[in-house]
Amino acid sequence: MHTLVVLRHAKSAWPADVADQDRPLNERGRRDAPAAGRWLSSNAPAIDLAICSPAARAVQTWQLVAAEVSQPEYRLDDRIYDASVERLLDIVRELPDAASTVLLIGHNPGLTDLVHTLTSETIELKTSSIAVLNGPDCWADINHGATMAGFETPRG
């Protein structure tokens, strides 16, 4: 069985004259992201691969989470930024089967839609929310029927 851990980036700032993709975390986000990492360390399987949106707030979230978990392979994927559920499914289906637990860090509404599509559960992924999903043995086969193994919105 594979485990997909879906993490929405922590709370971001809205500075004037800064492009959306360049928005940094705000003070609350810088507190909540390490709390998300601590929750993952205690409640999710060890992460083999982390895939992250290139947006500043997502990368900063990962950096703060990473300090709290074992250091998996990490890569940016431009397709995650502003991704539809269909695009996110394509990304997940391309994952290497050798990575049994993958952390996907991105944005709404795509992440909430992804969790709903895979589990049929209706949840709201607020900033720093984590959904842990158990799915098939082969990433290419992920579609519907994943099960929710955990859900939390850690706060620092």
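Before reading further, recall that the structure is shown in the block above.
Residues numbered from 1 in each chain as written. Predicted model: local features only at pLDDT ≥ 70, side-chain atom pairs only at ≥ 80, totals over all residues. Heavy atoms only, no water.

### Let's talk about helix α3 (residues 85-93)
Spacing of three or four residues puts side chains on the same side of an α-helix, whose turn is 3.6 residues. For α3, the set of buried residues is Val85, Leu88, Leu89, Ile91 and Val92. One side of α3 carries all its buried residues, which in axial view fall inside an arc of 160 degrees. Buried residues along α3 sit against β1 (2-8), β4 (101-106) and α4 (110-119). (Buried < 20%, exposed > 50% of the residue type's maximum accessible area, 1.4 Å probe, protein only. Helix = DSSP H or I, 4+ residues; strand = E, 2+ residues; numbered from the N terminus. Arc of directions from axis to C-beta. Contact = heavy atoms within 4.5 Å.)

### Thoughts on the nonpolar core
Formed by 26 residues in total, the largest nonpolar core has its most connected members in Leu4, Val6, Leu104 and Leu114. At the level of secondary structure, the elements contributing two or more residues to this core comprise β1, β2 (49-52), α3, β4, α4 and β5 (130-135). With 5 residues, α3 is the single largest residue contributor to this core. Leaving out residues up to four positions away in the same chain, Leu4 has contacts with Val92, Val102, Leu104, Leu114, Leu118, Ala131, Val132, Leu133 and Trp139. Judged by nonpolar contacts, the second largest core, of 19 residues, contains Leu7, Ala44, Cys52 and Trp62. (Core = buried A, V, L, I, M, F, W, Y, C linked by side-chain atoms within 4.5 Å.)

### Here's the deal with the pattern of salt bridges
Scanning all chains against the criterion turns up 8 salt bridges. Here Asp32 makes a salt bridge to Arg28, at a shortest N to O gap of 3.2 Å. Taken as a pair, Asp32 and Arg28 lie in helix α1 (residues 27-43) at a separation of 4 residues, close to a single helical turn. For Asp32, a relative accessible area of 2% corresponds to the buried category. Several salt bridges share partner residues, and in doing so they unite Asp20, Arg23 and Arg57 into one network. (Salt bridge = Lys/Arg side-chain N within 4 Å of Asp/Glu carboxyl O.)

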